[in-house]
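Examination of the molecular architecture
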Amino acid sequence: MNIKLKKWIFIALLLVILYYTFIVNTFLTLSVIFGLIVAVKLYKLYSKKKLNKLVASKELFRESYLGHFIALVAKVAKADGRVDELEAQLIGMMFDDITKVFDEKDKARSIMKEIFNKEKETIDDTQQIANSLNKLLGKSILKRRQFISFLIQLAFIDNGISSDEDKILRVIAKELQISDEVYNSIVSTLEQKMQNNKDSMTPTKAYEILGVKESDDLNTIKKAYRKLVREYHPDIISSQDKDESYMEEATAKTQEINQAYQVIKNLRS
């Protein structure tokens, strides 16, 4: 049997399979698809209902995986002694993202701020909190990677990771079962992108990235900058439905926007 004949036989068999799968069994196929859509919607509804119970009290919220994560965000933000303006901005947007899943948004945000303000006062219990979070996350490797990526982004946002920030991040990474190789790879990738941005960040490119003109005043430029950061910042809630590259790409874009803004600010000072 020649190759050409084998090719046509293969195509014919494939068409028969497709016919019986998607034509004869159309109803079955549509039923399966519809069932999957309903299952996903029900799961999201259940998850939201479960999360909404957390606002019953600050203690209940604090014991959840979100409460643990906010506590670790506070530790990293205060690791070098103060919460930088850019760090505060990213944390504020994180609160906005999380409150979207709650019906009582103001109450949820108030509780998160209380947890953050209390937890930033000390870093001595960081290892214990990270260990407890690790247990709450079960077998979710992706969620662990997303959480550590967000914390690294938080440390990076004020132009790089300080030695104090690196120390506390490594403690958290170890408890979340993130290997040194994985941690170093995430940091190295961000450092390389940051350096590339610095090397190529001319004033012209900075204005282009922020979508502003040289004739615009600093207040207009600041509004454009904040709008872009809000649009492209890593969303810890949305990341749950995305792959591992999402957080890295969002972090790199946010860093580029920050660097563009810093270049313009320096020009105007």
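Rules used in this analysis
- Residues numbered from 1 in each chain as written.
- Predicted model: local features only at pLDDT ≥ 70, side-chain atom pairs only at ≥ 80, totals over all residues.
- Heavy atoms only, no water.
- Helix = DSSP H or I, 4+ residues; strand = E, 2+ residues; numbered from the N terminus.
- Buried < 20%, exposed > 50% of the residue type's maximum accessible area, 1.4 Å probe, protein only.
- Contact = heavy atoms within 4.5 Å.
- Areas by Shrake-Rupley, 256 points an atom, 1.4 Å probe, with all protein chains shown as cover.
- Arc of directions from axis to C-beta.
- Axes fitted to C-alpha atoms, helices over the stretch in contact; angles between N-to-C directions.
- Parallel < 35°, antiparallel > 145°, perpendicular 65-115°, else oblique.
- Left-handed = near helix turned anticlockwise from the far one by under 90°.
- Nonpolar A, V, L, I, M, F, W, Y, C, P; charged D, E, K, R; others polar.
- Core = buried A, V, L, I, M, F, W, Y, C linked by side-chain atoms within 4.5 Å.
- Expected span 1.5 Å × (residues − 1).
- Phe/Tyr/Trp six-rings, centres within 6.5 Å; stacked < 30°, edge-to-face > 60°.
- Lys NZ or Arg CZ within 6 Å of the ring centre and 35° of its normal.

**So, the overall build of the chain**
- A tally of regular secondary structure across the chain gives 13 helices and zero strands.
- Put simply, the chain runs from its N terminus to its C terminus through helices and strands in the order α-α-α-α-α-α-α-α-α-α-α-α-α.
- In the chain, which comprises 269 residues, the proportion classed as buried is 40%.
- Residue pairs at least 24 apart in sequence account for 75% of intrachain contacts in the chain once pairs closer than 6 positions are excluded.
- For the chain, the computed accessible surface area is about 15700 Å², with 57% contributed by carbon and sulfur atoms.

**Here's the deal with helix H11 (residues 203-210)**
- Every buried residue belonging to H11 is among Ala206, Tyr207, Ile209 and Leu210, and all of these are buried. Buried positions in H11, seen along its axis, are confined to an arc of 160° and lie on one side of it. Within H11, the exposed residues directed more than 90 degrees away from the buried face are Thr204 and Glu208.
- Two residues or fewer after H11 comes glycine 211, characterised by a positive phi angle close to 70°.

**Some details on the environment of isoleucine 123**
- As for its placement among the helices and strands, isoleucine 123 is situated in the loop between helix H6 (105-119) and helix H7 (126-136).
- For isoleucine 123, a relative accessible area of 40% translates into the label partly exposed.
- Between the C-alpha atom of isoleucine 123 and that of leucine 72, which follows or precedes it by 51 residues, the distance is 8.9 Å.
- Setting aside its immediate chain neighbours within four residues, isoleucine 123 contacts Lys75 and Ile168.

**Details of the packing of helix H4 (residues 65-77) against helix H8 (residues 141-156)**
- The geometry of H4 relative to H8 is characterised by a closest axis approach of 9 Å and an angle of 30° between their N-to-C directions. Compared by their axis directions, H4 and H8 come out roughly parallel. Crossing handedness for the pair H4 and H8: right-handed. Here Tyr65, Phe69, Leu72, Val73, Val76 and Ala77 of H4 lie close against H8, whose contacting residues are Lys143, Phe147, Phe150, Leu151, Leu154 and Ala155.
- Within the contact of H4 with H8, the residues separate by chemical class into eleven nonpolar, no polar and one charged.

**Re the nonpolar core**
- Grouped together as the largest cluster of nonpolar side chains are 71 residues, with contacts concentrated most on Met94, Phe102 and Leu210.
- The dominant element in this core, judged by the number of residues it contributes, is H4, at nine residues.
- Ignoring any residue separated from it by four or fewer positions in sequence, one finds methionine 94 in contact with Phe69, Ile70, Val73, Phe150 and Ile236.

**Quick notes on the environment of methionine 247**
- Within the secondary structure, methionine 247 is located in helix H13 (residues 245-268).
- As a C-alpha pair, methionine 247 and proline 234 span 13 residues in sequence and 5.7 Å in three-dimensional space.

**As for the packing of H8 against helix H9 (residues 163-175)**
- In the contact formed by H8 and H9, the axes pass within 11 Å of each other and the chain directions differ by 175°. Between H8 and H9, the angle falls in the class roughly antiparallel. Where H8 approaches H9, its residues Ile148, Leu151, Ile152 and Ala155 are matched on the opposing element by Glu165, Leu169, Ile172 and Ala173.
- Residue classes in the contact of H8 with H9 are distributed as seven nonpolar, no polar and one charged.

**Describing H9**
- Taking 1.5 Å of rise per residue, 13 residues should cover 18 Å, and H9 covers 19 Å from first to last C-alpha, within 8% of that figure.
- Of all the residues in H9, the buried ones are Glu165, Ile168, Leu169, Ile172, Ala173 and Glu175. One face of H9 carries all of its buried residues, which in axial projection span an arc of 165°. The outward face of H9, more than 90 degrees from its buried face, is lined by the exposed residues Ser163, Lys167 and Lys174.
- Residues of H9 that are buried sit in contact with H4, helix H5 (85-99), H7, H8 and helix H10 (180-200).
- A positive backbone phi angle near 65° is found at glutamine 177, which sits one or two residues after H9.

**Focus on the packing of aromatic side chains**
- Following the criterion strictly, the structure yields six aromatic pairs and no others.
- The interplanar angle of 65° and the centroid separation of 5.7 Å between the aromatic rings of phenylalanine 69 and phenylalanine 150 together place this pair among those described as edge-to-face. On the criterion of sequence distance, the pair formed by phenylalanine 69 in helix H4 and phenylalanine 150 in helix H8 is long-range, its members being 81 residues apart. Here phenylalanine 69 and phenylalanine 150 have matching classes, each one buried.
- Aromatic pair phenylalanine 95 and phenylalanine 116: ring centres 6.3 Å apart, planes at 85°, arrangement edge-to-face. With a gap of 21 residues between them, phenylalanine 95 in helix H5 and phenylalanine 116 in helix H6 connect regions that are remote in the sequence. Both residues of the pair, phenylalanine 95 and phenylalanine 116, count as buried.
- Among the aromatic residues, those joined into a cluster by ring pairs are Tyr65, Phe69, Phe147 and Phe150.
- When the ring centre of tyrosine 232 is taken as origin, the NZ or CZ atom of lysine 253, which lies over that ring, is 5.2 Å away.

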